[in-house]
Amino acid sequence: MNKLLIANWKMNPDSEEAAVGLAHATDLEGVIICPPFIYLESIRGALKNAQLGAQDIFLSDGKPHTGEVSAAQLKEAGVEYVIVGHSERRALGETNELISLKLKAALSAGIRPILCVGEGDREDPTSEEFITEEINNALSGLDKKEEIIVAYEPIWAISSNEGANAADPDYVKKMIKKIIRLSRKHIHHPTVIYGGSTNSANIQSYLGLDGVEGVLVGSVSLQSAEFAKMAEIIKKNNK
Ligand code: PGA
């Protein structure tokens with residue numbers, strides 16, 4: 001399978017013009033761009049090579065949900081992937097239970113979920129239990145054939161300046177192995193990726209690890225030249 005390069009723009013940029021410009025500059029083969037909801041429509045129109053993702057989703061349970069966006073609305077907007085359970089959303093109070101419902105909402109609309117899991121502290125001895133719970137809660141009860149991307153994003157490695165906190169590849173290797181084992185209890189073929197302070201200098205050290213099928217990029221996805229270098233490296237890995 002081709003390796004994935006997923007851009008999580010978070011709450012950026014501040015204008016539609018800048019968003020469309022960034023989309024044009026990073027509209028590359030193998031890339032999935034996840035802009036803020038407000039730009040989905042215009043980014044969809046701008047992309048020729050990259051695919052469209054969203055950063056969150058909400059439930060269609062017949063109840064009123066002010067401010068939220070449903071799976072049906074995302075599908076209609078051309079969204080093919082959606083990030084679910086990013087640590088920045090979990091920090092706002094999103095529970096494993098809600099994440100599991102969001103995952104199911106995405107799947108039933110035919111949108112492929114990118115489930116984020118990851119522990120809060122570096123080398124924390126309870127990390128494994130923490131991640132086990134995140135995975136079991138999110139994936140249990142699913143059809144084994146579901147195609148889900150599981151992004152290992154240790155919270156301590158996210159958004160560090162110039163990649164300073166990026167996780168050590170040996171540590172990532174160990175955790176990815178566990179995540180694959182845990183995920184396979186629920187689904188046949190989890191696609192496992194890494195995220196956290198990735199850039200063009202360190203991406204290959206993760207892509208070269210057994211079981212790592214791509215990376216989820218935050219800050220650097222806003223720097224088009226640097227991100228394009230990452231896309232080049234992904235392309236070489238896919239040859
Ligand atoms: P980062 O963000 O690349 O800026 O660390 C990754 C993420 O939050 O998905």
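The structure we're discussing is the one just above.
Quick summary incoming for the structure in this document. Everything numeric in this text was worked out from a predicted model, so none of it was measured.

1. What to know about the site of the ligand
No. 1: Every residue close to the ligand is listed here: Asn8, Lys10, His86, Glu153, Ile158, Ser159, Gly196, Ser197, Leu216, Val217, Gly218 and Ser219.
No. 2: A distance of 2.7 Å separates an oxygen atom of the ligand from a polar atom in the side chain of His86.
No. 3: The separation between an oxygen atom of the ligand and a polar side-chain atom of Ser219 is 2.5 Å.
No. 4: Taking 280 Å² as the accessible area of the ligand by itself, protein coverage stands at 99%.
No. 5: The class makeup of the residues in the shell around the ligand is three nonpolar, seven polar and two charged.

2. Brief notes about the packing of aromatic side chains
No. 1: Inspection of the entire model under this criterion finds three aromatic pairs.
No. 2: Their ring planes at 55° and their centres at 6.3 Å tell us that Tyr152 and Tyr194 sit as a pair that is tilted. In this pair, Tyr152 is assigned in strand β6 (residues 149–152) and Tyr194 in strand β7 (residues 191–195), connecting sequence segments 42 residues apart.
No. 3: Note on Tyr152: relative accessible area 0%, which makes it buried.
No. 4: Each ring, one from Trp156 and one from Tyr171, has its centre 5.8 Å from the other, and the planes form 50°; the classification is tilted. Of this pair, Trp156 sits in the loop between β6 and α7 (169–184) while Tyr171 is found in helix α7, placing the two residues 15 residues apart along the sequence.
No. 5: A residue is classified by how much of its surface remains accessible, and Trp156, at 12% relative accessible area, is buried.
No. 6: Put simply, the rings of Tyr152, Tyr194 and Tyr206 pair up and form one aromatic cluster.

3. Brief notes about the nonpolar core
No. 1: Counting residues in each nonpolar core, the largest one holds 65 residues, and the members touching the most others are Leu5, Leu74, Leu139, Ile148 and Tyr152.
No. 2: Considering every element that reaches this core, the biggest residue donor is α7, with seven residues.
No. 3: Ile6, Ile83, Ile193 and Leu216 belong to the second largest nonpolar core, which has 12 residues in total.

4. Some points on the side chain of Asn202
No. 1: Residue placement: Asn202 occurs in the loop between β7 and α8 (203–207).
No. 2: Residue class for Asn202 comes out buried when judged on its relative accessible area of 12%.
No. 3: For Asn202, the residues in contact, after removing those within four places along its chain, are Ala166 and Ser197.

Analysis parameters
- Residues numbered from 1 in each chain as written.
- Predicted model: local features only at pLDDT ≥ 70, side-chain atom pairs only at ≥ 80, totals over all residues.
- Heavy atoms only, no water.
- Near = heavy atom within 4 Å.
- Polar contact = N/O pair within 3.5 Å; in protein donor to acceptor, adjacent residues only side chain to side chain.
- Areas by Shrake-Rupley, 256 points an atom, 1.4 Å probe, with all protein chains shown as cover.
- Nonpolar A, V, L, I, M, F, W, Y, C, P; charged D, E, K, R; others polar.
- Phe/Tyr/Trp six-rings, centres within 6.5 Å; stacked < 30°, edge-to-face > 60°.
- Helix = DSSP H or I, 4+ residues; strand = E, 2+ residues; numbered from the N terminus.
- Buried < 20%, exposed > 50% of the residue type's maximum accessible area, 1.4 Å probe, protein only.
- Core = buried A, V, L, I, M, F, W, Y, C linked by side-chain atoms within 4.5 Å.
- Contact = heavy atoms within 4.5 Å.

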